[in-house]
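Each chain is listed here by its residues.
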Amino acid sequence: MSSLIGFIGFGAMASRMGANLRKAGYRIAAYTPSGKGGDGDVPFLPTPRALAQEADIVIACVPDDEMGWTASLRHRCAMMEVH
């Protein structure tokens, strides 16, 4: 089975990256604070922590540092708690 790549944030840039990764054979999933985005083929997880627990690799792709920390800290920061 291919690696699962998770995106925290799945807007214009991340969705294009995800499409290319899927073409290359990777599975992808995402978390967005709004729960919106994607093309219907990408599963969205309810929290960044849930995403990090499922994914082999996590890519944070958010508009700015504040948005990234807000999204992560609201759910006990996925990147700091998953080893």
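Everything numeric in this text was worked out from a predicted model, so none of it was measured. (Residues numbered from 1 in each chain as written. Predicted model: local features only at pLDDT ≥ 70, side-chain atom pairs only at ≥ 80, totals over all residues. Heavy atoms only, no water.)

1. With respect to the packing of aromatic side chains
Stage number 1. Following the criterion strictly, the structure yields two aromatic pairs and no others.
Stage number 2. Taken together, a centroid distance of 6.0 Å and an interplanar angle of 85° make the contact between phenylalanine 10 and phenylalanine 44 edge-to-face. Note that phenylalanine 10 is positioned in the loop between strand S1 (4-8) and helix H1 (12-23) and phenylalanine 44 in the loop between strand S2 (27-31) and helix H2 (48-54), a separation of 34 residues in sequence.
Stage number 3. Phenylalanine 10 gets classed as buried once you look at its relative accessible area, which sits at 5%.
Stage number 4. In textbook terms, an aromatic cluster arises when at least three aromatic residues are bridged by ring pairs, as seen for Phe7, Phe10 and Phe44. (Phe/Tyr/Trp six-rings, centres within 6.5 Å; stacked < 30°, edge-to-face > 60°. Helix = DSSP H or I, 4+ residues; strand = E, 2+ residues; numbered from the N terminus. Buried < 20%, exposed > 50% of the residue type's maximum accessible area, 1.4 Å probe, protein only.)

2. With respect to the side chain of threonine 32
Stage number 1. Along the polypeptide, threonine 32 turns up in the loop between S2 and H2.
Stage number 2. The class for threonine 32 is buried, based on a relative accessible area of 8%.

3. Some words on the pairing of S1
Stage number 1. Burial within S1 is extensive, with five of its five residues counted as buried.
Stage number 2. Burial along S1 is two-sided: the residues Leu4, Gly6 and Ile8 and Ile5 and Phe7 are all buried.
Stage number 3. Two elements, S1 and S2, share five bridges in a ladder whose sense is parallel. Residue glycine 6 lies in a different strand from S2, and its bridge partner there is alanine 29. (Pairing = 2+ DSSP bridges.)

4. Details of the sheet that holds S1
Stage number 1. Across the sheet, which stays open at both edges, the three strands sit in the order S2-S1-S3 with parallel pairing between neighbours. Lying at the two open borders of the sheet, with one neighbouring strand each, are S2 and strand S3 (57-60). Neighbour to neighbour, the strand axes of the sheet diverge by 25° on average, direction disregarded.
Stage number 2. H1 rests against S1, S2 and S3 of the sheet, and its axis sits at about 175° to S1. (Axes fitted to C-alpha atoms, helices over the stretch in contact; angles between N-to-C directions. Contact = heavy atoms within 4.5 Å.)

5. A few points about the environment of alanine 29
Stage number 1. Among the secondary structure elements, alanine 29 is positioned in strand S2.
Stage number 2. Sequence-wise, alanine 29 and leucine 4 are 25 residues apart; in three dimensions their C-alpha atoms are separated by 7.2 Å.

6. Quick word on the confidence of the model for the protein
Stage number 1. Residues at a pLDDT of 70 or more form 72% of the protein, whose mean pLDDT is 79.
Stage number 2. Counting contacts from residues 77-83, a segment whose pLDDT is below 50, to residues more than four positions away or on other chains yields 15 contacts. (pLDDT = per-residue confidence, 0-100.)

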